[in-house]
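Breakdown of the fold
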Amino acid sequence: MSCIRFNTPAQRQAMRSQRPAMLTAEEAAALHPAPEMTESKLRRLRLLAADPNPKIREAVASSYHTPEDLFLTLARDPDEGVRGCVAKNEATPCDILRMLADDRSETVRGWVAVNYFVPADVMEKLANDRSRTVRGLVKWKASLSEDAVEPAAAKAPAAV
């Protein structure tokens, strides 16, 4: 007996018509709003940022609600994973990303390179990084933006 199941066209149509609707990120966020940030939550983030467990500090470094002074403290953390979480967080201020572009860890510098909100001057600096991996990430990220520009250019009417 075979494990393969063959559905008739009518069965496939019935499954398509009954599948759940896919929501956009904005629609899902509207249906499930995040609770507002309160002073007690900020106090909790400050407390957790000082936890001896680096995984707890990584969670704080990954939060969009982390205040700027905590980002700065966590960017100086002895644990590479914590600094990496600061580097990849899209809410990290640009000045802290600039600081992390000089981090001793190529992993942290790599996370800075792929952060969508890293300033152009930092990308130029990382394009000349001593690490081949970091330079490769900068090149890869640049190729993504080139790919996005090429289809738009292909749609543009040719100059006569």
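In case you missed it, the structure is sitting above this.
Residues numbered from 1 in each chain as written. Predicted model: local features only at pLDDT ≥ 70, side-chain atom pairs only at ≥ 80, totals over all residues. Heavy atoms only, no water.

Looking at the pattern of salt bridges
Within the structure shown, the criterion is met by eight salt bridges. Residue Arg57 is joined to Asp77 by a salt bridge in which the shortest nitrogen-to-oxygen separation is 2.7 Å. A residue pair is termed long-range when its members are at least 10 positions apart, and Arg57 in helix H4 (residues 54-62) and Asp77 in the loop between helix H5 (68-75) and helix H6 (80-88) qualify at 20 residues. Judged by relative accessible area, Asp77 falls into the buried class, the value being 7%. One connected set of salt bridges, linked through shared partners, spans Asp95, Arg98 and Asp121. (Salt bridge = Lys/Arg side-chain N within 4 Å of Asp/Glu carboxyl O. Helix = DSSP H or I, 4+ residues; strand = E, 2+ residues; numbered from the N terminus. Buried < 20%, exposed > 50% of the residue type's maximum accessible area, 1.4 Å probe, protein only.)

As for helix H9 (residues 120-127)
Those residues of H9 lying buried are Val122, Met123 and Leu126. Projection of H9 onto a plane perpendicular to its axis shows the buried side chains occupying an angular sector of 100 degrees, all on one side. Exposed residues pointing more than 90 degrees away from the buried face of H9 are listed as Ala120 and Glu124. (Arc of directions from axis to C-beta.)

Description of the packing of aromatic side chains
Two aromatic rings are characterised by how far apart their centres lie and by the angle between their planes. Evaluation of the coordinates by the stated rule reveals one aromatic pair. Judged by centre distance (5.0 Å) and plane angle (90 degrees), the rings of Tyr116 and Phe117 are edge-to-face. Of the residues examined, Phe117 reaches a relative accessible area of 42% and is grouped as partly exposed. One Lys or Arg, Lys88, reaches over the ring of Trp111 and ends 4.0 Å from the middle of that ring. (Phe/Tyr/Trp six-rings, centres within 6.5 Å; stacked < 30°, edge-to-face > 60°. Lys NZ or Arg CZ within 6 Å of the ring centre and 35° of its normal.)

Quick notes on the environment of Val108
In this fold, Val108 is placed in helix H8 (residues 106-114). Take Val108: its relative accessible area is 0%, and that puts it in the buried class. Between the C-alpha atoms of Val108 and Arg83, which are 25 residues apart in sequence, the distance is 6.4 Å. If near-sequence neighbours (up to four positions away) are discounted, Val108 is found in contact with Glu80, Arg83, Gly84, Ala87, Leu100 and Asp103. (Contact = heavy atoms within 4.5 Å.)

A few points about the packing of H8 against H9
Interhelical geometry of H8 versus H9 gives an angle of 135 degrees and a closest axis separation of 10 Å. Viewed along their axes, H8 and H9 adopt a mutual orientation that is oblique. H9 is crossed by H8, and the crossing has left-handed handedness. Contact with H8, carried on its side by Arg109, Val112 and Ala113, involves Val122, Met123 and Leu126 of H9 and no other residues of that element. (Axes fitted to C-alpha atoms, helices over the stretch in contact; angles between N-to-C directions. Parallel < 35°, antiparallel > 145°, perpendicular 65-115°, else oblique. Left-handed = near helix turned anticlockwise from the far one by under 90°.)

Fair warning: the whole summary comes from geometry, so function is off the table for now.
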